[in-house]
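Architecture at a glance
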Amino acid sequence: MPSPDKTIAVINASGRQAASFIRVASAVGYHVRAQLRNLEGVVATEVSTNPNVTVLQGELYTKERPAETAKVDVTRNGPISGIGINHALISELFRGAQLAFINTTFYGDEQHIGEALADAAKRAGIQHYVYSSMPDHHAYNKEWPSLPLWASKHKVEEYVKKIGLPATFVYTGIYNNNFTSLPYPLFCTDLQEDGSWIWQAPFHPDVKLPWLDAEHDVGPAILQIFKDGVKKWGGGKRVGLAYEMLSPKEACEVFSRGVGRPVRYVHGPIELKVTIPEGYRAQLEALEALFGMGHDDPTKQPPYFGDAALEESCPRVALELWEGPRGLEEYAREVFPLEEQANGLTWMLDEGDGGGGGNHVHRNGNGVATGHAPHSHDVHHLNGYITTLQQVTLESDGEDEDDGLVMRGLKRDDEEWLA
């Protein structure tokens with residue numbers, strides 16, 4: 001079987017979506033031109049040592065701040081909005097490429113970087129542009145607030161349509177991989193003394209939400225979109241990438257079956273136990289307001305994807321693209337304990353004491369993890385990349401306070417939340 005003769009441009013290549021796609025696309029012979037912010041971490045190492053990948057290292061933004069954008073509202077376009085665009089790197093990214101999978105993030109002014117990427121792709125003659133988007137809920141209903149880190153993606157989507165790129169827009173559900181016992185906001189599974197967990201979030205307990213295992217299932221689905229081509233998926237079609245529709249209560253039941261411990265859902269406010277950047281804080285505040293609408297009335301909670309029809313297409317359309325998804329129960333059983341171990345947690349090693357006392361990660365007053373898991377040199381092969389048991393630090397000081405909530409350590413240096 002001959003190898004594909006096309007090159008695919010990808011940005012933020014160490015993120016969960018992009019890394020998942022690069023693994024499968026390169027494995028079947030596509031060449032990838034991948035932008036990486038840096039070469040730190042095992043995912044970046046995996047990408048940069050892949051023989052079918054050409055790495056372009058650098059930021060999509062520049063530190064130079066154009067005068068006309070010097071006073072951009074940071075809560076509108078992202079945590080570090082209003083700075084310049086690295087046009088040279090963006091132009092180089094698309095050189096010799098025919099296809100593109102683009103998942104912009106809040107590093108820089110997401111809207112303007114997204115527009116610059118689309119312009120460069122149009123100039124380069126990209127034949128199929130797949131953009132990972134999210135909704136601006138306010139555009140669907142004026143009574144619904146916008147989520148700032150999603151509204152930027154919506155604006156980029158509209159711009160891609162405006163300039164006439166042959167495009168498909170994918171909307172990814174909540175990542176199974178978001179759950180963690182570390183004190184991150186929104187998806188913290190808070191480990192109790194009896195070994196059970198509590199997940200507290202503002203979603204109505206009985207309203208179904210879209211779920212996706214980003215590392216396992218994004219790559220095969222996007223690859224199939226490219227293989228089917230613009231004839232089937234082009235023309236600005238939106239694709240809901242979610243393989244399960246589960247309410248928070250159902251998600252906890254499924255997760256509990258997988259991990260073999262009780263998991264209880266609490267319908268409540270988002271708890272902030274660590275310092276977070278202002279841009280991310282604004283996102284969480286808006287999310288709490290949006291999904292708190294109607295309070296106890298489930299019929300008044302807006303659809304997660306904004307568009308009810310898009311949500312109703314899940315998981316049917318996603319299964320047309322990829323029939324082998326990893327569900328939340330399988331993730332909880334086979335992957336979650338390994339990711340927790342890689343993040344320095346040890347509850348899975350201490351089943352005998354009820355679990356609650358087995359977490360040897362300690363945190364200082366700022367929420368920084370300072371403990372180490374035992375056997376810190378053990379290595380696990382997980383989803384095609386290596387995870388190493390290590391200390392994780394939740395950093396939000398210095399320059400990283402502008403970048404976002406960052407996991408530090410060999411497992412993953414750029415951990416995207418609500419991507």
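Relevant structure appears above.
So, here's what we can say about the structure. (Residues numbered from 1 in each chain as written. Predicted model: local features only at pLDDT ≥ 70, side-chain atom pairs only at ≥ 80, totals over all residues. Heavy atoms only, no water.)

**Notes on the sheet that holds strand β6 (residues 99–102)**
Spatial ordering of the open sheet is given by β3-β2-β1-β6-β7-β8-β13, a layout of 7 strands whose pairing is parallel. Bordering the open sheet on either side are β3 (53–57) and β13 (237–241), each of which pairs with just one other strand. The average angle at which neighbouring strand axes cross in this sheet is 20°, direction not considered. Direction of pairing for strand β1 (residues 7–10) relative to β6: parallel, over a ladder of 3 bridges. Counted as the bridge partner of Ile8 is Leu99 from β6. Helix-sheet contacts for helix α5 (residues 110–124) involve β6 and β7 (128–133), and the interaxial angle to β7 is about 170°. (Pairing = 2+ DSSP bridges. Helix = DSSP H or I, 4+ residues; strand = E, 2+ residues; numbered from the N terminus. Axes fitted to C-alpha atoms, helices over the stretch in contact; angles between N-to-C directions. Contact = heavy atoms within 4.5 Å.)

**Some words on helix α7 (residues 148–162)**
In this model α7 runs 21 Å from its N-terminal to its C-terminal C-alpha over 15 residues, within 8% of the 21 Å that 1.5 Å per residue would give. Every buried residue of α7 is accounted for by Pro148, Leu149, Trp150, Ala151, Ser152, Lys153, His154, Val156, Glu157, Tyr159 and Val160. Looking at the residues trailing α7, positive phi occurs at Gly164, about 80°. (Expected span 1.5 Å × (residues − 1). Buried < 20%, exposed > 50% of the residue type's maximum accessible area, 1.4 Å probe, protein only.)

**A word on the sheet that holds strand β11 (residues 197–201)**
If you walk across this open sheet you meet the 3 strands as β10-β11-β15, and the pairing is mixed. Of all the strands in the sheet, just β10 (189–191) and β15 (263–267) have a single pairing partner and so form its edges. Adjacent strand axes in the sheet meet at a mean angle of 30°, parallel and antiparallel pairs treated alike. Summarising the sheet, β11 and β15 pair through 5 bridges and their orientation is parallel.

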